[in-house]
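Fold and contact review
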Amino acid sequence: MRTEVVIIGAGPAGLLLAHLLHRAGVAAIVLETRSQEYVAARIRAGILESSSVALLESVGLGARLRAEGHEHRGIYLQWPGQRHHLDFVDLTGRSVWVYGQTEVQKDLVAAGTAEVIYEVTGVRLHDLDGERPSVTFTDRDGAPRRVDAAAVAGCDGSFGPSRQAVPAARTFERTYPYSWLGILADVAPSTDELIYAWHPEGFALHSMRSPSVSRLYLQVPNDTDVRAWSDDRIWDALSRRLGHGQDGWTLTPGPITDRSVLPMRSHVHTPMRHGRLFLAGDAAHIVPPTGAKGLNLAIADVTLLARALTALLHEKNPAPADAYSDDALRRVWRCTHFSWWMTTMLHTSGDPFDAELQLSQLRWVASSRAGAAGLAENYAGLPIGL
Ligand SMILES: Cc1cc2nc3c(=O)[nH]c(=O)nc-3n(C[C@H](O)[C@H](O)[C@H](O)COP(=O)(O)OP(=O)(O)OC[C@H]3O[C@@H](n4cnc5c(N)ncnc54)[C@H](O)[C@@H]3O)c2cc1C
């Protein structure tokens, strides 16, 4: 097989890149290890920043988002006895949208612009230093296959082979001493916008997926066994940490339909390019989910990458491809810092000195327009390309 760009991974980064390239007239084939159903059902991110929404709308992927997504003006920040609303629209002129990654994925599949080969195994990258790289794999029927291309896009997440194909890479990493226990519940959210709660027992987050589905998280120790958390234990901890009863607010529990433990990690893999291989999304970087940046960073990366590959392959202009890694990493580091900052401000360590610093910082963010605007600007998202 021959194409212009072979994309490894059909997550949001890979499928959106294929969509953007298709619109630019650049041919691409996507290789994915999992089945289409598995990829479509994976429950992950749920918040789109303003530049992600603008990008999706500008490429014909905004109709369902506008109809079924929910625009939020901001978030609530709280600690025991206090709840403050940060109004991003008032502070920065930008909002965020609640629209699940599964929905973005469905819209990309429905667009029908990506040629995807699902359930491949043994993916290997070759000749990345030259102008004719290739990727070999075994298809679902067990037949060995090969795609020749002019460029390879590594959109295969943190465990794929693309990251390993960058020689002399430098990685930066931080593992946090806590994880998130996340649940999906068939119950209307008890809040109109997300609540980020600091509590001496640990952080809690009340998020949502739709008017009838809530998504909630609890800070738990690393290596927590999800079976040790009964439904009652989860709802009791959420009630305490989210302030059930505080100023008359109540948390309504409901049937839990999904639960999992998510480790918290920051990871940046540099450079994001080697020869004709370009990394995008989780293949190049992981952020803890506290800043809601993982999906948004993937969208920002592939927006830059689609422009760079179009210029390289159709306009014989290598400059955007040469600048891709540095350009993408500027935003990656901004989001890495923001995600680290939100994480370390809100998760308790058990150290009383740390707790007082965290509370002091929360009081400052909630009471100073400059402090609130800094959080709002980063959370609602900077324009792509900055
Ligand atoms: C459990 C979980 C919960 C998350 N929750 C949040 C959240 O609440 N908020 C937030 O902002 N972010 C969250 N994230 C992060 C966010 O989902 C990711 O940043 C986002 O999915 C990145 O998209 P991607 O396309 O780069 O990577 P992925 O979505 O990981 O897609 C990579 C794709 O490559 C495929 N692949 C892997 N290896 C190969 C191979 N060898 N060959 C071919 N294909 C391969 C994978 O099957 C996958 O489909 C979460 C992530 C996880 C794992």
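Not measured: the values here are computed from a predicted model.

With that out of the way, let us pick up the sheet that holds strand 18 (residues 273-274). Taken in spatial order, the 6 strands line up as 8-2-1-12-19-18 in an open sheet, and their pairing is mixed. Of all strands in the sheet, those bounded by a partner on one side alone are strand 8 (115-117) and strand 18. Here strand 1 (residues 5-8) pairs with strand 2 (residues 28-31) via 4 bridges, running parallel. Across the sheet, Val-5 pairs through a bridge with Ala-28, a residue of strand 2. Taken strand by strand, helix 1 (residues 12-23) contacts strand 1, strand 2 and strand 12 (151-154), and its axis lies near 170 degrees from that of strand 2. On top of the sheet, helix 8 (residues 294-314) reaches strand 1, strand 12 and strand 19 (277-279); it is set at about 175 degrees to strand 12, its chief contact.

For the rest of this paragraph, the subject is the environment of Pro-133. Within the fold, Pro-133 resides in the loop between strand 9 (121-126) and strand 10 (134-138). The spacing of Pro-133 and Gln-105 is 28 residues in sequence and 28 Å in space, taken between C-alpha atoms. The residues contacting Pro-133, other than those within four sequence positions of it, are Leu-125, His-126, Asp-127, Leu-128, Ala-149, Ala-151, Val-152, Arg-276 and Leu-277.

The next thing to look at is the nonpolar core. Ranked by internal contacts, the top residues of the largest apolar core, which has 107 residues, are Leu-17, Ala-153, Ala-280, Leu-305 and Leu-309. In this structure, Leu-309 is in contact with Val-5, Leu-21, Val-26, Ala-151 and Ala-321, ignoring residues within four places of it in sequence.

What follows is about the site of the ligand. Taken together, 33 residues form the shell around the ligand, and within it Gly-9, Gly-11, Gly-157, Gly-281 and Gly-294 come nearest. Residue assignment for the shell around the ligand shows that the elements contributing at least two residues are helix 1 and helix 8. Counted by class, the shell around the ligand contains 17 nonpolar, 10 polar and 6 charged residues.

With that settled, the discussion passes to helix 7 (residues 231-242). Because an α-helix packs 3.6 residues into every turn, residues spaced three or four apart end up facing the same way. The end-to-end C-alpha separation of helix 7 is 16 Å, in line with the 16 Å expected for 12 residues at 1.5 Å each. Three or more residues of helix 7 are buried, namely Ala-237, Leu-238, Arg-241 and Leu-242. Across the axial projection of helix 7, the buried residues extend over an arc of 110 degrees, all falling on one side. On the buried face of helix 7, the contacting elements are strand 14 (195-197), strand 15 (204-210) and strand 16 (213-221). Once helix 7 finishes, Gly-243 follows within two positions and takes phi at roughly 85 degrees, a positive value.

Calculation criteria
Residues numbered from 1 in each chain as written. Predicted model: local features only at pLDDT ≥ 70, side-chain atom pairs only at ≥ 80, totals over all residues. Pairing = 2+ DSSP bridges. Helix = DSSP H or I, 4+ residues; strand = E, 2+ residues; numbered from the N terminus. Contact = placed C-beta atoms within 7 Å. Axes fitted to C-alpha atoms, helices over the stretch in contact; angles between N-to-C directions. Core = buried A, V, L, I, M, F, W, Y, C linked by C-beta atoms within 7 Å. Buried ≥ 20, exposed ≤ 12 C-beta atoms within 10 Å, placed from the backbone. Near = placed C-beta within 6 Å. Nonpolar A, V, L, I, M, F, W, Y, C, P; charged D, E, K, R; others polar. Expected span 1.5 Å × (residues − 1). Arc of directions from axis to C-beta.

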